[in-house]
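Descriptive structure summary
So you can see what is in the structure, the chains are spelled out below.
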Amino acid sequence: MSPHLYHLTLSPSTNYTHSATGRFTPGQASLALATETHIRLFSVSEGEFAPITPRLALCATITALCTVPRTDHPDLLLVLSDSGNPTLLEYSAAEGTGTGTGQLVAVAAEPLCRSGVRRSSPQQYAAADPSGHALLLAAVQTAACMYQMQYAPNATLGSPLEAARPECITLALEACHNTAYPTFATLEVPLAQAQAQAQARLGTSLAFYSLEPNLHTAVRGNARHFHGAASFLLGLQGGGNCLVALGFPGHVVVTDMQGDVTIELPLPGRNDTVVCGVSTGRITLLQTSVGELLRLDVGERDARGVAPASLRHFDTLPVCSALHVMGSGYLVAVGEGDVQLLQFESLGTEGEGEGASPPPSGLATSAANATEARLATEARLRVPLAHLSLTDTLASL
């Protein structure tokens, strides 16, 4: 009797490395979670992770996930992978099978680059304009292109517009809010500087890219130089035109495209860095490298051109790779461990003294070595949640 090889996956991988939120289904906000090869939609409106679609398996390795908002229809999901074809996915309830009530189907897939993961292929970073009119895709090194969305008769990607860039390394990409034209911000390091490993000494550049609809071109604005090794970028909603937050070791800088606003706020620990964050119309949260959640508030500029800003302790969570605030009052924390669903008990604004209070004494984050840093992190995680309560988790396998 000849032997046979029997291969069966008992439990698919749930180590989620990419995530996005949007109104992918009619009438409710939903969460898209993706491993390197699978995508699935979840609903969290009832305080738990309820699957909406079965797992969508891709014959490719996912490199980026992005929400493309639409006003009159459910949002689209942009998927970048090593296939070299940016793909738009749409929720379809009519074709649902198995677990969940619907299915993600591809509505557009445009060839952009060769298959495979290359640092010069624009498949590592993706951001969509909040109005859904344009997308910017960027590579790790130099290359970037912008797409103008077309919705008539069906949603599709227009011809790619190459963004003229100097030789640089891209560290982060974010869409800007409150702009007349689709605008994006990138964190860049000159290639020669990166090869010399001199970022900390020479600094980082913040560049803005805009779509000129009449000229049908992608324009790069003047880059602004900052001293220090910035590694985090977040587009802020409200407070100004193209307002962004940059994370440096030990401090955060809030600035805009024109440079009219530049505010530096210290982090609780001199060795802390910002690893992820989320900004909505009501709250902006930043998480440091030791798990501390900080609430960032930026006000409107006064007659003197000064914008008030504050950075206050909010809560403490295990270090995450992404944070998402859902419209139903929930916070989704995606990290290397389990994906957590937490409910907002308050926004930290009931009492200024409580919201502005520092972490408990003895939990300072300026540890000089790895052992002290680990002990400080473990002590922080033992502190009870102040403004959040855990409602559900997704196991990471």
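It should be noted that the structure appears before, not after, this text.
Residues numbered from 1 in each chain as written. Predicted model: local features only at pLDDT ≥ 70, side-chain atom pairs only at ≥ 80, totals over all residues. Heavy atoms only, no water.

1. Regarding the overall build of the chain
Each helix and strand counted, the chain has four helices and 31 strands in total. Scored against the burial criterion, the 397 residues of the chain give a buried share of 49%. Taking the contacts inside the chain whose residues are at least 6 apart along the sequence as the reference set, 50% of them involve residues at least 24 apart. Accessible area for the chain stands at about 18400 Å²; split by element, carbon and sulfur atoms hold 51% of it. (Helix = DSSP H or I, 4+ residues; strand = E, 2+ residues; numbered from the N terminus. Buried < 20%, exposed > 50% of the residue type's maximum accessible area, 1.4 Å probe, protein only. Contact = heavy atoms within 4.5 Å. Areas by Shrake-Rupley, 256 points an atom, 1.4 Å probe, with all protein chains shown as cover.)

2. Re the sheet that holds strand 7 (residues 76-81)
The antiparallel open sheet is built from four strands, whose spatial order is 6-7-8-9. Of all strands in the sheet, those with a lone pairing partner are strand 6 (62-68) and strand 9 (103-109), marking the two edges. Strand after strand, the sheet turns through a mean of 30° between neighbouring axes, direction not considered. (Pairing = 2+ DSSP bridges. Axes fitted to C-alpha atoms, helices over the stretch in contact; angles between N-to-C directions.)

3. Section: the environment of Ala223
Tracing the backbone shows Ala223 in the loop between strand 18 (217-220) and strand 19 (224-226). We classify Ala223 as partly exposed; its relative accessible area is 38%. For the pair Ala223 and Leu206, spaced 17 residues apart in sequence, the C-alpha separation works out to 5.4 Å. The contacts of Ala223, once residues within four sequence positions are left out, are Ser205, Leu206 and Ala207.

4. Concerning the pattern of salt bridges
Applying the stated criterion to the full structure yields five salt bridges. Residue Glu188 pairs with Arg220 through a salt bridge whose shortest N-O separation is 2.8 Å. In this pair, Glu188 is assigned in strand 16 (residues 183-190) and Arg220 in strand 18, connecting sequence segments 32 residues apart. According to the relative accessible area criterion, Glu188 is buried, its value standing at 2%. Salt bridges linked by common partners bring Arg165, Glu188 and Arg220 together as one network. (Salt bridge = Lys/Arg side-chain N within 4 Å of Asp/Glu carboxyl O.)

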